[in-house]
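# Coordinate analysis (summary)
Listed below, chain by chain, are the residues.
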Amino acid sequence: MGIDVASARVDTPGCENVLHLNNAGCSLPPTPVLERVKAHLDLEAAMGGYEAEDRVEEEYRRVYASIARMLGCAAGEIALVENATRAWDAAFYALAEGFQPGDKILTASNEYVSNYLALLQVARQRRTEIIVAPNGPGGEISLTALEAAILQHGERMKLIALTHVPTNGGLVQPAAAVGRIARRNHIPYLLDACQSAGQMPLRVEELGCDMLAATGRKYLRGPRGTGFLYVRQSMLERLEPTPIDMCSAEWTAREEYKLRNDARRFEISGGSVACQLGLGAAVEYAMAVGLDNIAARVTMLAEQLREHLARISGITVRDLPGSGNQARCGIVTFTHEHHSAAAIVANMREQNINVRVTPLGSTRIDMEQRGLTAMARASVHYYNTEEELERFAEAVRNL
Ligand SMILES: Cc1ncc(COP(=O)(O)O)c(C=O)c1O
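Residues numbered from 1 in each chain as written. Predicted model: local features only at pLDDT ≥ 70, side-chain atom pairs only at ≥ 80, totals over all residues.

### Concerning the overall build of the protein
Put simply, the rule reads: Numbering goes from the N terminus for both helices and strands, where a helix is a DSSP run of H or I of at least four residues and a strand is a run of E of at least two. Computation of the radius of gyration draws on C-alpha atoms alone. For the globule rule, the value is 2.2 Å times the number of residues to the power 0.38. With C-beta atoms placed from the backbone, the exposure class of a residue follows from how many other C-beta atoms lie within 10 Å of its own: 20 or more, buried; 12 or fewer, exposed; in between, partly exposed. What counts as a contact here is a pair of residues whose C-beta atoms, placed from the backbone, lie within 7 Å.
In terms of helices and strands, the protein carries 15 helices and 15 strands. Here the protein has a C-alpha radius of gyration of 21 Å; the compact-globule value for 399 residues is 21 Å, and the two agree. Relative to its 399 residues, the protein shows a buried fraction of 51%. Considering only contacts within the protein whose residues lie at least 6 apart along the sequence, 71% involve residues at least 24 apart.

### Quick word on the site of the ligand
How we decide: Whether a residue is near a molecule or strand depends on its C-beta atom, generated from backbone atoms, being within 6 Å of that molecule or strand. Polar here means any residue outside two lists: the nonpolar Ala, Val, Leu, Ile, Met, Phe, Trp, Tyr, Cys and Pro, and the charged Asp, Glu, Lys and Arg; Gly therefore counts as polar.
The environment of the ligand is made up of 13 residues, and the closest members are Asn83, Thr85, Thr167, Cys194 and Thr215. In terms of residue class, the shell around the ligand is made up of 4 nonpolar, 8 polar and 1 charged.

### With respect to the domain arrangement of the protein
In many analyses, interface size is given as the accessible surface area lost on bringing the parts together. Put simply, the rule reads: For the domains described, the bounds stem from an automatic or database domain assignment.
Domain boundaries in the protein define domain 1 (5-29 + 290-397) and domain 2 (32-287). Here domain 1 and domain 2 have C-alpha centroids that lie 26 Å from each other. Of all the secondary-structure elements, those providing two or more residues to the side of domain 1 that touches domain 2 are α12 (291-310), β12 (331-336) and α14 (364-369). With 6 residues, the top contributor of residues to the side of domain 1 that touches domain 2 is α12.

### Side note on the nonpolar core
Basically, it comes down to this: Here, a nonpolar core denotes buried Ala, Val, Leu, Ile, Met, Phe, Trp, Tyr and Cys residues that are linked to one another through C-beta atoms within 7 Å.
Counting 118 residues, the largest nonpolar core has Ala91 and Leu229 as its most contacted members. The element that contributes the greatest number of residues to this core is helix α11 (residues 273-289), accounting for 11 residues. Taken together, domain 1 (5-29 + 290-397) and domain 2 (32-287) each give at least three residues to this core, which thus spans both. With residues near it in sequence (within four places) discarded, alanine 91 still touches Leu190, Met211, Ala213, Leu229 and Val231.

### Observations regarding the pairing of strand β15 (residues 374-379)
Stated formally: Two strands qualify as a pair provided that DSSP identifies no fewer than 2 bridges between them.
Burial runs high along β15: 6 of the 6 residues are buried. Of the two faces of β15, both are covered, the one formed by Ala374, Ala376 and Ala378 as well as the one formed by Met375, Arg377 and Ser379. Looking at chain direction, β12 and β15 are connected through 4 bridges and run antiparallel. Residue pairing in the sheet places phenylalanine 334 in a bridge with alanine 376 of β15. Alignment of strand β14 (residues 356-359) against β15, held across 4 bridges, turns out to be antiparallel.

### Here we look at the packing of helix α5 (residues 84-96) against helix α6 (residues 113-126)
Rules: What counts as an axis is a line fitted to C-alpha atoms, over the stretch in contact for a helix, and the angles between N-to-C directions run from 0 to 180 degrees. Relative orientations are named as follows: roughly parallel for angles under 35 degrees, roughly antiparallel for angles over 145 degrees, roughly perpendicular for angles from 65 to 115 degrees, and oblique for any other angle. Here a crossing is called left-handed whenever its near helix is offset anticlockwise from the far helix by less than a right angle, and right-handed whenever the offset is clockwise.
Where α5 contacts α6, the axes come no closer than 10 Å and their chain directions differ by 20°. Comparing their axes, α6 and α5 come out roughly parallel. In the crossing of α5 with α6, the sense of the turn from one axis to the other is right-handed. Two secondary-structure elements touch here, α5 through Thr85, Trp88, Asp89, Phe92 and Ala96 and α6 through Ser114, Asn115, Ala118, Val122 and Arg126. Tallied by class, the residues present in the contact of α5 with α6 amount to 5 nonpolar, 3 polar and 2 charged.

### Digging into the environment of isoleucine 160
Mapped onto the elements of the fold, isoleucine 160 is located in strand β5 (residues 157-163). In this structure the C-alpha to C-alpha distance between isoleucine 160 and proline 188, which are 28 residues apart in sequence, comes to 6.3 Å. Residues contacting isoleucine 160, with those up to four places away along its chain left out, are Leu106, Val178, Ala182, Ile187 and Tyr189.

### A look at the sheet that holds strand β2 (residues 78-81)
Pairing in this open sheet of 7 strands is mixed, and the strands run β2-β8-β7-β6-β5-β3-β4 from one edge to the other. On the outer flanks of this sheet lie β2 and β4 (129-132), each paired with one strand and no other. With strand direction ignored, the average angle separating the axes of adjacent strands in the sheet is 20°. Strand direction decides the pairing type here: strand β7 (residues 211-215) and strand β8 (residues 227-231), joined by 5 bridges, are antiparallel. Bridge pairing links alanine 213 to leucine 229 in β8.

### So, helix α2 (residues 31-47)
This is how the line gets drawn: Expected helix span is computed as 1.5 Å times (number of residues minus one).
For α2, which comprises 17 residues, the first-to-last C-alpha distance of 24 Å matches the rise-based estimate of 24 Å (1.5 Å per residue) to within 8%. In the core, the buried residues of α2 are packed alongside α3 (49-55) and α11. Immediately downstream of α2, the backbone of glycine 48 shows phi near 105°, a positive value.

### Brief notes about the sheet that holds β14
As summarised here, the arrangement of the 4 strands in space is β11-β12-β15-β14, forming an open sheet in which the pairing is antiparallel. Each edge of the sheet is formed by a strand with only one pairing partner; in this case those strands are β11 (315-317) and β14. Neighbour to neighbour, the strand axes of the sheet diverge by 40° on average, direction disregarded. The sheet strands contacting helix α13 (residues 341-350) are β12, β14 and β15, and the helix crosses β15 at an angle near 35°.

### Quick word on unusual backbone geometry
Between threonine 242 and proline 243 the backbone carries a cis peptide bond, its omega angle lying at -10°. With respect to the element layout, proline 243 can be found in the loop between α10 (233-236) and β9 (249-253). Unlike most non-glycine residues, asparagine 352 shows phi in positive territory, near 65°.

Right under this line is the structure:
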């Protein structure tokens, strides 16, 4: 069954105001998400924040269960955090505690800026080496090069860190194929699913990842200030998070503490209960729409948009194709021979159309390799319509 787009739009108040093509930045939330957050804020105001938290204890527990159901894992393997970066960092810095000088970390050319900054910091502090795997012919990570690097470095290869869908284009990395290689070679695998969560089905067993980081506000349509981390149980037991607090551990004796034995050891107390309940509502909403349905529609709309843009004189569509039969996703990037990305975004904003600049610094290695300094990014979601895409293409034609 497909998606009832008309109902989805009625359920998305923002659709009345803007032509929103910045879903890779932050999606428009559906009414149930919005209502859930507001209702809990009202409850906190009416009865006190801690007391309100006690009242929703059972529902809050179900947020973990919802995410676990979406990913095909156990609720105890999920931590709720503030955003994808916090999730990714929590896993990475815990792993980094065990890195020795000369250890290698393998990543791809389009790794997200914040992740790469952390890789750089740890490389400087612990004298580890970052290996950026070369790309295959479609711009995706080369699996052959990945295997060759593993063969070359053997035991020194301590981590594979991959961004599933880069912030700067429609490419979908072959995350499951990388997972099979990681497993075969017993190398921890950290997947940044920030742009893929909510946009396509994600099953951790198929992906083969040991850790997965995602955000609430992008394709999942949850509130800002939410994110989650998945950590495989067998990996969990080996990771000591820093920092820890009363949420991650128990102070068992004056000189002793005991970490939680589930993924909540990666949480820090004091987060927004209202927003996390909103995230739970968003995950349930996405599953009710159906992640297969969402992927099919988003892919179809994005291809349509690429076709519209490719027909406009002066425009170059920049999305890398990837390889095999892997379709490109909902992120569409392009440049104009005369207008800068910033000028395009500003011009669109005047017409109530939301698109975004994807700058050099967000994915420096990939952008430099392709000789790009910035691109305009239009990212579609299932609640966008064909008419909206035509309107946007017309606005670009009239630049
Ligand atoms: C691929 C990717 N990873 C991570 C992030 C960071 O997400 P957050 O702002 O939720 O930390 C982004 C944000 O744009 C992203 O595109």
